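# A closer look at the structure
The primary structure of each chain is shown beneath.
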Amino acid sequence: VAERTDDEAIVEQARLACAAAWLLELARAVRVARLHRQQSPFAIDSRAHLARTLAAHLERFGEWSFVVTASGMFLDVDLVIRPGKRSGDGAVASSGSLEQLHELLFRDGVRRIAFPPGIPAGEVDALVGALGDASCERGHSDDLVTALWQANLTHLQFETAPYEPRLRLTTGKEVEHDLDEEIPGSFADPAAAYAELTLASAAAAKVARRGLLEAWERERGAERLEAAGRLFSRLIGVANEPGTRAALARYALTGVAESIAHTSWDEAYRTLELLRRFDADGALTAQARIDAVRCAPPEDDLGESLDQASDMELARCFEFAVGLGHAGVALLIAALAGAKRDATRDAACNALLTLCAGDPFALEAAAADPRAQVVVGVVSVLGRIGASGLSPMLARAAQHPDPGVQLAVVKALAAVPAPERAPLLAGPLASADAALSAEALRVASLEADRTIGQMILKHIEDPAFEGRPEEIRHAFFEALAGSGGDTVVPALEQMLLAGGWFARASWQRSAAAAALARIGTHAAQKALDRGLKHASEAVRSACRDARERKAA
Amino acid sequence: MSLERTRKPRGAATDPGSGMLEALQSVLAASTQEDGLDFRQANRVLQFLIDGIERGDPAALGLIGAPQRGDLTYPRTVRTTLVAVAIGRRLGLDRAALSDLAIAALFHGVGRDPKVKPEYWGFAGALRIAGSATLSRTTLRAIEVALETHEDVAAPRSVLSQVVAIAGTYARLVGARDHAGKPLTPAQALGAVLGPLATRFDPALRAALVEALGIHPPGQFVGLDNGEIALVIAPRGDDPARPIVQVVTTPGGRPLHEAERRAGGPLPEERSIVRDLAASEVPGLEAA
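Below is a short write-up of the structure. Source: prediction; values computed, not measured.

## As for the packing of helix α21 (residues 434-444) of chain A against helix α23 (residues 470-484) of chain A
All names here are of chain A. At a minimum axis distance of 8 Å, the contact between α21 and α23 shows a crossing angle of 20°. In terms of their interaxial angle, α21 and α23 are classed as roughly parallel. Here α21 runs over α23; the crossing is left-handed. From α21, Ala434, Ser437, Ala438, Leu441 and Ala444 reach across to α23, where they touch Ile472, Ala475, Phe476, Ala479 and Ser483. Residue classes in the contact of α21 with α23 are distributed as eight nonpolar, two polar and no charged.

## Looking at the sheet that holds strand β2 (residues 229-234) of chain B
Whenever strands of a sheet pair, they do so through backbone hydrogen bonds, lying parallel or antiparallel. Residue and element names in this part refer to chain B. On the basis of which strands lie adjacent, the open sheet formed by five strands has the order β4-β3-β2-β1-β5 and antiparallel pairing. Two strands bound the open sheet, and with one partner strand each, they are β4 (265-266) and β5 (273-277). As paired elements, strand β3 (residues 244-247) and β4 share two bridges and run antiparallel to each other. Among the inter-strand pairings, valine 245 is bridged to a residue of β4, identified as glycine 265.

## What about helix α19 (residues 403-413) of chain A?
Because an α-helix completes one turn every 3.6 residues, residues spaced three or four positions apart along the sequence face the same direction. Residues and elements named next belong to chain A. Those residues of α19 that sit buried are Val405, Ala408, Val409, Val410, Ala412 and Leu413. Looking at the buried residues of α19, the elements they touch are α17 (372-385), α18 (391-398), α20 (418-430) and α21. Measuring from the backbone nitrogen of glycine 404 back to the side-chain oxygen at the start of α19 gives 2.7 Å, which picks out aspartate 402 as the cap.

## Here we look at the nonpolar core
Phe232, Phe318 and Phe320 of chain A together with Ile87 and Ile129 of chain B are the most contacted members of the largest nonpolar core, which totals 199 residues. Sorting elements by how many residues they give to this core places helix α9 (residues 242-261) of chain A first, with 10 residues. Non-local contacts of isoleucine 129 of chain B, meaning those with residues more than four positions away in its chain, are made with Leu37, Phe39, Phe107, Val110, Thr139, Ala142, Ile143 and Ala146 of chain B. Within the second largest apolar cluster, 43 residues are counted, among which are Ala20, Leu50, Phe66 and Leu75 of chain A.

## Concerning the pattern of salt bridges
Summed over all chains, the structure comprises 37 salt bridges over all chains. Linking arginine 234 of chain A and glutamate 144 of chain B is a salt bridge whose minimum nitrogen-to-oxygen distance equals 3.7 Å. Of this pair, arginine 234 of chain A sits in helix α8 (residues 224-238) while glutamate 144 of chain B sits in helix α7 (residues 137-149), on two different chains. Between arginine 276 of chain A and glutamate 273 of chain A there is a salt bridge whose closest N-O contact spans 2.5 Å. Taken together, the residues arginine 276 of chain A and glutamate 273 of chain A, both in helix α10 (residues 265-276) and three residues apart, mark about one turn of the helix. Residues joined by salt bridges that share partners form a network here, namely Glu223, Asp266, Arg270, Arg316 and Glu319 of chain A.

Conventions we followed
Residues numbered from 1 in each chain as written. Chains lettered and ligands numbered in written order. Predicted model: local features only at pLDDT ≥ 70, side-chain atom pairs only at ≥ 80, totals over all residues. Heavy atoms only, no water. Axes fitted to C-alpha atoms, helices over the stretch in contact; angles between N-to-C directions. Helix = DSSP H or I, 4+ residues; strand = E, 2+ residues; numbered from the N terminus. Parallel < 35°, antiparallel > 145°, perpendicular 65-115°, else oblique. Left-handed = near helix turned anticlockwise from the far one by under 90°. Contact = heavy atoms within 4.5 Å. Nonpolar A, V, L, I, M, F, W, Y, C, P; charged D, E, K, R; others polar. Pairing = 2+ DSSP bridges. Buried < 20%, exposed > 50% of the residue type's maximum accessible area, 1.4 Å probe, protein only. Polar contact = N/O pair within 3.5 Å; in protein donor to acceptor, adjacent residues only side chain to side chain. Core = buried A, V, L, I, M, F, W, Y, C linked by side-chain atoms within 4.5 Å. Salt bridge = Lys/Arg side-chain N within 4 Å of Asp/Glu carboxyl O.

In structure tokens form, the structure reads like this:
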């Protein structure tokens, strides 16, 4: 007896473990359903595997009946999913998708869900689809229970919580009698009328019914947004007034929000097109558009979805975001935050560029975002927009500790006017990060600027400068030549001539001569001429070399 | 009040009862207020109703004939919904379609407002729904039906609008007063739809209406061939002429006492209905 009990315990443990593992797989499949097209190979594979696994488990263990309570999910009486952290009871700790699965079932009133052996794969598909739809926070008119009910399931069984309607009192006086027609003075005999409708001409009755059902099938098959467009036109036809347009715009926007929640970008785009018929400039739905973007999946999920989307879907997503106007910025920033692929981020940046080219200050908050990948993207966009007044945003971004952000900021500085650029170059010029300081020097040398020239000169004159790598030191001189102009010629000549009669060859003398040659102005040439006539061969040699290299 | 549903194999008994009626009226009551229409709540309530009607459950079908207190819009709208779903069921619509039909029927009259000209009720109702719903197949259909409900009867209508229109016409006529001030019986209301008003409705819909309600609709008093008077509880799908009835008087016309009353059931094989009666012809109900 004891041996049999042990066997039973082992089987029971296996049953619980398999059930918990399958729920986890279900939760993942729901996430896939939410983030990917229903017919994507990834989604199809996910559902097919889920159904196969379930079928195998049910064949081995018999029916699974899960009880859903506030404190977790139970397989019959054994806890398999506990919300929150793992405890010592053997239940799987629910986190992320699993927690959502439990919350979703409980929130929508499912209290028991049973999977009998032989459940068709189509019913598992329906369950995943319903959970995926219901998992979007958007106020969908169909909740999980309704979706499951409409699926007409034959095997999967579920029980729901007692329904508690909200009882209310009416305050307004309703229309008590709305018969807008005369009460007929005579009445047909129902039996005779029915006989005439059916028995007298059975063929005609069948034709009439078939015609009606065919009409219904045509209506049912109509594409949803096309049907919405036609209906909206009819309503506008009744009263083309601001109130009508506002109501329809708001209604259409709920469709946009739902499409965002489902990452259905083509549908989102087409619904937005519908919305534009009533709200071309977005004035009626400005705040509602921002709210709609909040329906997007969490950033990581959004990023994953976009990373796996086709080029066409990706393009549609960003086309839609641009079409959203100002509200689209938040969606694109979320995409930047969540995406892992460079192609996705690049596409998001391109869309941000299109969206913010005329109003770069729409990116102000994002420039101060704590996530490095967001700030890098935003700064690169600012760099491509390039305008006066962007430096405060770049300054804010430059405070980010990530070296990648700081490098991106320096690159972006190339697009702002030199006077705004100078203060932001100070830090990178002093940086020990060779890549950062090299980029700062490249940007510094793009055009002459007295402030930048003096800043570089100050670095060169600093005693610690000697300790920096040689290529950096040369880069400083090149940048000095590019940015300093005539204002630094006296200082360079002083370096060239340093040592007087006893001057010896040095890298600094050569670099000063090369910088003067590169500056090439009359004052710089004069300084080189004086060097060529200097008593020291080292000075003369440095000037000759500089002239020859310049000529070459 | 609460309704509890358990998924059981098809055919399992359920008793939606008057609780469902109250729940539906609760949804409608909410719809008269400023806080919008609750489609989720309506959907959940209507599922009980559709389940019952799909099964041919007399308790659900019998709600069509539940007594109407006063001349209020809510009971009439609820009756419209019940009849529309029953018609849809007879036409073979699936659950999703029945669900949309029920929602459309329940909210088809939300634009009725004494402060609005009647010709704009449809438009007002459509905007009212649009203003409190999310864009979906279901709500688009509800908007369409609300708009078309108050359009000219000759205007082309969607199929769901046609179903709601015939159901609504029947529901409005039941209990309405004729020129002499007498309330129309369910059979008279049905006769009006099938007779003087027949041209408004597709023949297939008229046939489906009879199949949904029976020739003697729920709530109708009928005289039996043995002299008894019975109340029609619900139609029987397989025979529209022989409904489920509850006898309310003896063959001599004496009202049955509480203790004498039997539960309703199919009209016995040996019995037949002789004629439809007005409430005023039923002893004990003359005042009605």
